Amino acid sequence: MAEVRQEYLTKIQNMDIYDLKNPVVFVIDMINGFVKEGALADSRIMNIVPDIQGLLEKVEARVFICDSHPENAREFVSYPTHCVIGSKESEVIDELKGYING
């Protein structure tokens, strides 16, 4: 697992997003299949949704990256079937859908 050095944490501890020039927030895999339903879902992830919403309220540049697979994906040999293209699992959770840039 990656580790963040204490000196970096100290440096950014008091930084506000408004201190950044043209910030972009990347939202990775905040989809139903990892948060709310399906074989790989973990409802504890909902605990970070308010923090994500707070960030998204402050920036205009938002990028959503979402896991999705065809029905016969090779990945399903190693992992349970999840986030099949066109399924509810592959959709961004409702709490964040309103932040997707048109």
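Above this text you will find the structure in question.
For clarity, every value in this text was computed on a predicted model and none was experimentally measured. Position numbers for residues start from 1 in each chain and track the written sequence from start to end. In keeping with the predicted nature of the model, local features appear solely for residues at pLDDT of at least 70, side-chain atom pairs appear and are counted solely at 80 or more, and the whole-chain, interface and lining totals rest on all residues. Only hydrogens and water are set aside; all other atoms, that is, all heavy atoms of the structure, feed into the side-chain values.

1. With respect to the environment of G98
Definition in use: In this description a helix means any DSSP run of H or I spanning at least four residues, a strand means any run of E spanning at least two, and both kinds are numbered starting from the N terminus. The classification of residues rests on relative accessible area computed with a 1.4 Å probe and restricted to protein chains. Under 20% of the type maximum is buried, over 50% is exposed, and intermediate values are partly exposed.
Relative to the helices and strands, G98 is located in the segment after helix 4 (94–97). Exposure remark for G98: the relative accessible area of 72% places this residue in the exposed category. For the pair G98 and Q53, spaced 45 residues apart in sequence, the C-alpha to C-alpha distance is 9.9 Å.

2. Comments concerning the nonpolar core
The condition that has to hold: Nonpolar core, defined: a set of buried Ala, Val, Leu, Ile, Met, Phe, Trp, Tyr and Cys residues in which side-chain atoms within 4.5 Å join the residues together. Here, residues are in contact when the closest pair of their heavy atoms is within 4.5 Å.
One finds V27, M30, L56, F64 and L96 to be the most contacted residues of the largest nonpolar core, which totals 14 residues. Top element by residues in this core is helix 3 (residues 49–58). It accounts for three residues. The contact partners of V27, leaving out residues within four places of it in the chain, are I52, L56, V63, F64, I65 and L96.

3. Some details on the environment of D42
We count it as follows: Pairs of N or O atoms are called polar contacts if they sit within 3.5 Å, as long as, within protein, a hydrogen donor faces a hydrogen acceptor (for residues adjacent in sequence, only side-chain-to-side-chain pairs).
Summarising the element assignment, D42 is placed in the loop between helix 2 (32–35) and helix 3. On the basis of relative accessible area, D42 is assigned to the partly exposed category, the value being 23%. Distance from D42 to E95, taken between C-alpha atoms, is 16 Å for residues 53 residues apart in sequence. Excluding anything up to four places from it in sequence, D42 contacts F34 and V35. A polar atom in the side chain of D42 sits 2.7 Å from the side chain of R44.

4. Topic: a nonpolar patch on the surface
The condition is simple: Exposure above 30% relative accessible area and the lack of any salt bridge qualify a residue for a patch; like charges then connect within 9 Å, and the nonpolar side chains Val, Leu, Ile, Met, Phe, Trp and Tyr within 5 Å. Residue-level accessible areas treat just the shown protein chains as cover; the underlying method is Shrake-Rupley with a 1.4 Å probe. Every case where a carboxyl oxygen of Asp or Glu lies within 4 Å of a side-chain nitrogen of Lys or Arg is listed as a salt bridge.
Together, V24, F26, I28, V63 and I65 give the surface a local cluster of nonpolar side chains, amounting to about 410 Å² of exposed area. Of all the secondary-structure elements, those providing two or more residues to the nonpolar patch are strand 1 (24–28) and strand 2 (61–65). Sort the elements by how many residues they give to the nonpolar patch and strand 1 lands first, with three residues. Its location among the elements puts F26 in strand 1.

5. Comments concerning the side chain of H82
Summarising the element assignment, H82 is placed in the loop between strand 2 and helix 4. A relative accessible area of 2% means that H82 is categorised as buried. There is a polar contact of 3.1 Å between the side chain of H82 and the side chain of E75. When near neighbours in sequence (up to four residues on either side) are disregarded, H82 contacts F34, L40, D67, H69, E75, F76 and E89.

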